[in-house]
Amino acid sequence: MKEYNAIIIDDERNIREALATLLGQYCPEINVCGSASSAAEGRELIANNTVDIIFLDISMPKEDGFAFLRSIPAKNFGVIFATAFQDYALRAIKASAVDYLLKPINPYELQEAVNKAILGLELRQKFVARREAYQQSLDNLDNQLQSNSTKISKLTIQDLTGFSVVNIEDILYIEADANYTIFYLIGNLKITATRQLGEFEKILENSEFFRIHHSTIINLNLLSGYSSFQGNFAIMKDGTQLDISRRKLLGFREKVKQYSISID
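(A) Seen up close, the overall build of the protein chain. Regarding its fold elements, the protein chain presents eight helices and 15 strands. In terms of principal-axis extent, the alpha carbons of the protein chain reach across some 70 × 35 × 30 Å. Per-residue burial for the protein chain yields a buried fraction of 51% across its 264 residues. Restricting to contacts in the protein chain with at least 6 residues of sequence separation, those with at least 24 account for 56%. Charged side chains of the protein chain number 28 positive and 33 negative; the gap between the two group centres comes to 4 Å.

Pasting the structure below:
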């Protein structure tokens with residue numbers, strides 16, 4: 001079994017010790033070669049060790065996790081955020097390509113995050129384009145959390161071969177396809193994501209997106225019309241007609257009113 005060196009950066013000693021214990025019990029492929037209570041100590045560990053994976057607390061005094069990442073070649077590592085965020089910030093993290101763990105850490109979620117981080121790291125080591133896309137996703141997440149807006153502006157869509165960073169405003173609609181999700185974008189582009197539709201619905205909640213059917217979410221900003229002829233249909237800017245389920249129709253009409261579109 002291949003072994004990967006990891007460091008833990010968190011200002012709370014009990015968190016560092018608990019995470020190291022969990023890694024020893026549940027992730028035998030991970031060798032914790034050091035832990036740090038600050039970003040400065042983390043840089044020393046990287047300078048003095050061969051490091052593959054970084055477990056990183058976001059909220060630290062003096063220098064937070066993102067400031068730390070800006071100071072290192074982050075795309076060369078597997079980064080797993082450990083966070084207590086439960087609100088908008090967590091949605092922003094989920095919208096990125098970054099692996100994360102919620103405190104207190106669940107051992108099975110830890111195993112999943114480690115497996116994903118290792119797979120992503122190995123692919124980035126082989127393909128330059130993946131390293132650049134990963135760095136872009138990290139930068140987008142940093143910018144999103146530093147801004148005053150609670151609206152997600154970019155979404156990292158992981159597909160079967162890597163991931164793409166897209167502008168939210170370019171998404172026409174999203175459709176479920178078994179355990180996958182298909183994104184239809186402006187310009188006749190299509191991306192098949194390896195996550196289920198419900199996960200994206202949570203990321204995009206309280207935005208211009210609305211679920212009109214159990215298998216379809218649309219961007220109301222790119223809605224051009226509505227038809228009740230032989231059913232109920234949302235007509236998108238590209239001319240696509242999408243079925244609106246009966247139980248979603250009232251909510252659809254109410255949501256559309258927020259976007260100054262009259263369909264009465």
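Now that the structure has been shown, the text picks up again.
(B) Spatial organisation of unusual backbone geometry. For the bond running from Lys103 to Pro104, omega is -5°, close enough to zero to count as cis. Its location among the elements puts Pro104 in the loop between strand S5 (99-102) and helix H5 (107-126). Of note, Asn188 is a non-glycine position whose phi angle comes to about 60°, a positive value. As for its placement among the helices and strands, Asn188 is situated in the loop between strand S9 (180-185) and strand S10 (189-193). The phi dihedral of Gln230 is positive, around 55°, even though this residue is not glycine. For Gln230, the position within the fold is in the loop between strand S13 (223-227) and strand S14 (233-236). Taking relative accessible area as the criterion, Gln230 reaches 68% and is therefore assigned exposed.

(C) View of the pattern of salt bridges. Inspection of the entire model under this criterion finds ten salt bridges. For Glu17, the salt bridge is made with Arg13, and the minimal N-O distance between the two is 2.8 Å. Of the two residues, Glu17 and Arg13 are both situated in helix H1 (residues 13-26); the distance of four residues between them amounts to about one turn of the helix. According to the relative accessible area criterion, Arg13 is exposed, its value standing at 58%. In this structure, the salt-bridge partner of Glu254 is Lys257, at a minimum N-O distance of 3.5 Å. Of this pair, Glu254 and Lys257 both sit in helix H8 (residues 246-257), separated by three residues, roughly a single helical turn. Three or more residues are tied together by salt bridges with common partners; here these are Asp10, Asp57 and Lys103.

(D) Molecular detail of the packing of aromatic side chains. For the structure on display, the rule yields seven aromatic pairs. Look at Tyr226 and Phe252: their rings are 5.9 Å apart centre to centre, the planes differ by 40°, and that puts the pair in the tilted class. Highlighted residues: Tyr226 in strand S13 and Phe252 in helix H8, separated in sequence by 26 residues. Grouped by ring-pair contacts, the aromatic residues Phe210, Tyr226 and Phe252 constitute a single cluster. Residue placement shows Arg195 over the ring face of Phe200; its charged tip is 5.2 Å from the ring centre.

Thresholds, definitions, all that
Residues numbered from 1 in each chain as written. Predicted model: local features only at pLDDT ≥ 70, side-chain atom pairs only at ≥ 80, totals over all residues. Heavy atoms only, no water. Helix = DSSP H or I, 4+ residues; strand = E, 2+ residues; numbered from the N terminus. Buried < 20%, exposed > 50% of the residue type's maximum accessible area, 1.4 Å probe, protein only. Contact = heavy atoms within 4.5 Å. Lys, Arg positive; Asp, Glu negative; His and termini not counted. Charge placed at Lys NZ, Arg CZ, Asp CG, Glu CD. Salt bridge = Lys/Arg side-chain N within 4 Å of Asp/Glu carboxyl O. Phe/Tyr/Trp six-rings, centres within 6.5 Å; stacked < 30°, edge-to-face > 60°. Lys NZ or Arg CZ within 6 Å of the ring centre and 35° of its normal.

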